[in-house]
Amino acid sequence: MGGLRIGFVGLGAMGGPMAANLVRKGFVVRGYDLAAEARARHVARGGEEARDPADAAAGAALLLLVVATAEQARAVLDAARPALAPGATVVLHATVPPAFARGLGEELAAAGNPFLDAPVSGGRLKAEAGALTIMASGSEAAFAAAGPALEAMAAKIYRLGAEPGIASTVKTINQHLAGVHIAAACEAMALGVRAGADAATLYEVIANSAGSSWMFENRVPHILARDFTPLSAVEIFVKDLGIVLDVGRELRFPLPLAAAAHQQFLAAAAAGLGREDDSAVVKVYERLAGIEVKGRGEG
């Protein structure tokens, strides 16, 4: 499949490394991003630069979208559709409401374009390593067309069914747990420091005890180092937990833990921390308690 032409929109923290892995595997990747510096990085990695979404889509067998929201996905597709070749497959890697993915699949199928609902998990580091987890659902035609590209970017690909929306439902559940775990890790670490525990020691003990989680082990080191460079920003979980709560409301299903976590991310965003790493939720607790959660020698 080397040499297959791929249109790629969204070359940011996740999309840039994903596109780079495709280039390394021999795909011709014509990429677009609103940020000129992201486009320049893509070209430096061996990709082609597109002028706009339509230019990315022109002549491509696959169009991959790595954007942040359903609204952005809609805007990109509206711009790209006039240039999208008949039969070209569209792959959406964003976290979006399941209903949006279902509707998009129906719309594209009616136009003769297979669609794969394919949100990703793993963060920037796994994107760089080509080791993402991809949750995907869509037609056999969509899987056949997109499969080699997915394999170039992921360590695990889960085929979840023939209908778009199934994968977005699974990603919604993942984001429910991820958001709650981050908020809980921040709350617990702040409580421990307020009670007099040494933050570095507390982290080491919990990381090797039953109370740990992947998010605890991954995010607390950011806090201890006081490094809130956004690998995944607070605003992402404002959006994603909002999707979780919307799904719960549609199903009349109570989600008190997700709602509590969402409020903490909203509090962090309201405090001006929306573009910081999602672990910056700890600053909400720090400001309330007059403490700082930091490792030995930090600050």
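## Looking at the nonpolar core
Looking at soluble globular proteins, one finds that nonpolar side chains tend to be buried together.
Reasoning step 1: By size, the foremost hydrophobic cluster in this structure holds 37 residues, and its most contacted members are M189, F265 and V293.
Reasoning step 2: The set of elements that each furnish at least two residues to this core consists of helix 8 (166–194), helix 9 (199–207), helix 10 (214–224), helix 11 (234–251), helix 12 (256–273) and helix 13 (282–289).
Reasoning step 3: Examining the composition of this core, we find that 9 residues originate from one element, helix 8, more than from any other.
Reasoning step 4: Beyond its immediate chain neighbours, meaning those up to four positions away, M189 contacts A199, L202, Y203, F216, V220, L224 and V293.

## A short note on the side chain of D33
Reasoning step 1: Along the chain, D33 turns up in the loop between strand 2 (28–32) and helix 2 (36–44).
Reasoning step 2: Buried and without a salt bridge, D33 has R39 as its closest oppositely charged side chain, separated by 6.1 Å.
Reasoning step 3: A polar atom in the side chain of D33 sits 2.8 Å from the backbone nitrogen of A35.
Reasoning step 4: Beyond its immediate chain neighbours, meaning those up to four positions away, D33 contacts G10, L11, G12, A38 and R39.

## A closer look at the environment of L65
Reasoning step 1: When you line up the elements, L65 lands in strand 4 (residues 62–65).
Reasoning step 2: A sequence separation of 33 residues divides L65 from P98, and the C-alpha atoms of the two residues are 16 Å apart.
Reasoning step 3: If near-sequence neighbours (up to four positions away) are discounted, L65 is found in contact with V9, A73, V76, L77, V90, V91, L92, H93 and A94.

The rules behind the values
- Residues numbered from 1 in each chain as written.
- Predicted model: local features only at pLDDT ≥ 70, side-chain atom pairs only at ≥ 80, totals over all residues.
- Heavy atoms only, no water.
- Core = buried A, V, L, I, M, F, W, Y, C linked by side-chain atoms within 4.5 Å.
- Buried < 20%, exposed > 50% of the residue type's maximum accessible area, 1.4 Å probe, protein only.
- Helix = DSSP H or I, 4+ residues; strand = E, 2+ residues; numbered from the N terminus.
- Contact = heavy atoms within 4.5 Å.
- Lys, Arg positive; Asp, Glu negative; His and termini not counted.
- Salt bridge = Lys/Arg side-chain N within 4 Å of Asp/Glu carboxyl O.
- Polar contact = N/O pair within 3.5 Å; in protein donor to acceptor, adjacent residues only side chain to side chain.

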